[in-house]
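What the coordinates show
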Amino acid sequence: MIKKPIGILDAGLEGLPVFNELVKRFPNNSFIYLSDFTNYPYEEKDSKEILQYINKNTNELLLKGIGSIIVLGNSMIEYSEDLYNHLGIPTIKINDLIINYVNDNYEHKNMLFLAKSYIIKSAMYNKNFKYNRLYNAPSEQLDELILNKEVKTAKSFNKMAEVLKPGMGKDIDVIVYVDAYLANLKIELKEYLPHTPIIDLVKLIIDSVEKGCEIYDKKKETSYVYCRLDENEFKEKSYYLDCKYKYVKMDNLVLKDDKEELEKLKRKALKMDNKQL
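Quick look at the structure, then. (Residues numbered from 1 in each chain as written. Predicted model: local features only at pLDDT ≥ 70, side-chain atom pairs only at ≥ 80, totals over all residues. Heavy atoms only, no water.)

Within the secondary structure layout, Lys-56 lies in helix H2 (residues 47-62). Judged by relative accessible area, Lys-56 falls into the buried class, the value being 16%. (Helix = DSSP H or I, 4+ residues; strand = E, 2+ residues; numbered from the N terminus. Buried < 20%, exposed > 50% of the residue type's maximum accessible area, 1.4 Å probe, protein only.)

Another point: the side chain of Ser-30. Considering the arrangement of structural elements, one finds Ser-30 in the loop between helix H1 (16-25) and strand S2 (31-35). You can call Ser-30 buried: its relative accessible area is 12%. There is a polar contact of 2.6 Å between the side chain of Ser-30 and the backbone oxygen of Thr-222. (Polar contact = N/O pair within 3.5 Å; in protein donor to acceptor, adjacent residues only side chain to side chain.)

Moving on: the sheet that holds strand S9 (residues 246-249). Read from one edge of the open sheet, 6 strands run S4-S3-S1-S2-S8-S9, paired in parallel fashion. The outermost strands of the open sheet, each flanked by one partner alone, are strand S4 (91-93) and S9. Strand-to-strand, the axes of this sheet are offset by a mean angle of 15 degrees, without reference to chain direction. Two strands pair when backbone bridges link them, and strand S1 (residues 6-10) and strand S3 (residues 68-71) are joined in this way by 4 bridges, in the parallel orientation. The residue of S3 that forms the bridge with Leu-9 is Val-71. This element, H1, spans S1, S2, S3 and strand S8 (224-227) of the sheet and lies at about 170 degrees to S2. This element, H2, spans S1, S2 and S3 of the sheet and lies at about 165 degrees to S1. (Pairing = 2+ DSSP bridges. Axes fitted to C-alpha atoms, helices over the stretch in contact; angles between N-to-C directions. Contact = heavy atoms within 4.5 Å.)

Once that is clear, we can look at the pattern of salt bridges. The full count for this structure, using the stated rule, is 15 salt bridges. Lys-155 is paired through a salt bridge with Glu-150; the nearest N and O atoms lie 3.4 Å apart. Relative accessible area serves as the criterion here: at 22%, Glu-150 is assigned to the partly exposed category. Beyond isolated ion pairs, a larger network of salt bridges with shared partners links Glu-14, Lys-116, Asp-143 and Asp-179. (Salt bridge = Lys/Arg side-chain N within 4 Å of Asp/Glu carboxyl O.)

Let us now look at the packing of helix H6 (residues 140-147) against helix H7 (residues 154-163). Closest axis-to-axis distance for the H6/H7 pair is 9 Å, and the angle between their directions is 160 degrees. Looking at the two axes, H6 sits roughly antiparallel to H7. As for the relative orientation of H6 and H7, their crossing is left-handed in sense. Residues Gln-141, Leu-142 and Leu-145 of H6 form the contact with H7, whose own contacting residues are Lys-155, Ser-156, Lys-159, Met-160, Glu-162 and Val-163. (Parallel < 35°, antiparallel > 145°, perpendicular 65-115°, else oblique. Left-handed = near helix turned anticlockwise from the far one by under 90°.)

Before going further, it helps to spend a moment on the nonpolar core. By size, the foremost hydrophobic cluster in this structure holds 95 residues, and its most contacted members are Ile-98, Leu-114, Tyr-125 and Phe-129. Setting aside its immediate chain neighbours within four residues, Phe-129 contacts Ile-98, Ile-99, Val-102, Asn-103, Met-111, Phe-113, Leu-134 and Val-176. (Core = buried A, V, L, I, M, F, W, Y, C linked by side-chain atoms within 4.5 Å.)

Our focus in this paragraph is the packing of aromatic side chains. Using the criterion set out here, one finds 13 aromatic pairs in the structure. Where Phe-19 meets Tyr-33, the ring centres are 5.7 Å apart and the plane angle is 45 degrees; that geometry is what we call tilted. Separated by 14 residues along the polypeptide, Phe-19 in helix H1 and Tyr-33 in strand S2 bring together distant segments of the chain. Looking at Phe-19, the relative accessible area reads 0%, which means it is buried. When the ring of Phe-19 is compared with that of Tyr-245, the centres are 6.1 Å apart and the planes differ by 75 degrees; the resulting orientation is edge-to-face. Of this pair, Phe-19 sits in helix H1 while Tyr-245 sits in the loop between helix H10 (231-237) and S9; the two residues are 226 residues apart in sequence, bridging distant segments of the chain. By relative accessible area, which is 22% here, Tyr-245 ends up partly exposed. (Phe/Tyr/Trp six-rings, centres within 6.5 Å; stacked < 30°, edge-to-face > 60°.)

Here you go:
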């Protein structure tokens, strides 16, 4: 039996805690995490350029022979959800997981929603939540705290207080966040909303992988991080990782219209699956 890796696609580095826990939880699987951090964020780019970045990075991951994919980049889903609905391999999308979990467990409740401003503006979550009241809390200020190792500092508590203002003093039933690495700030969150449940995004993804991906029980495998940062810079920004992995620096992207190339890759992946069957 050929063991196929599980791909993890991210626009920035927000999904690294997911990679970290999956590698530790399923050591007999190989996980390939690919980040487009050097071209992120996408908001100031035009839509054609964004689509090219998304197609290129998706191509890169498909070429590595993955058997399933976890899409963690919210902006990638925002611009190319139809692409990820038709890849021909098992696909886990972060937005589907969060929306389904929240609606199943907190329908018609009051929610505090932590997300970047462009995600809030896109309404890709808001329009699908079934809530009583939704309080939006733009979370950009929190990103640098994590990347600059400023978690559990006076600065991190002060910044969290600013971010949570829309929900302070309100009757909040659940805190929902969409960037997995915000879990690094749960202590700060609990300081201001100590009794409010927080969704466990990493657990949601682990449970979905167990149900929807092939999990192996023999022979440990190597997992990989693919990114365009220098390795030392990546390690500086991912200081909280404690899993074992190999780092591969990718070449910078050369953009071109590669829709036809993507279709060829999807057909090739399908043929490979049919041969192995």
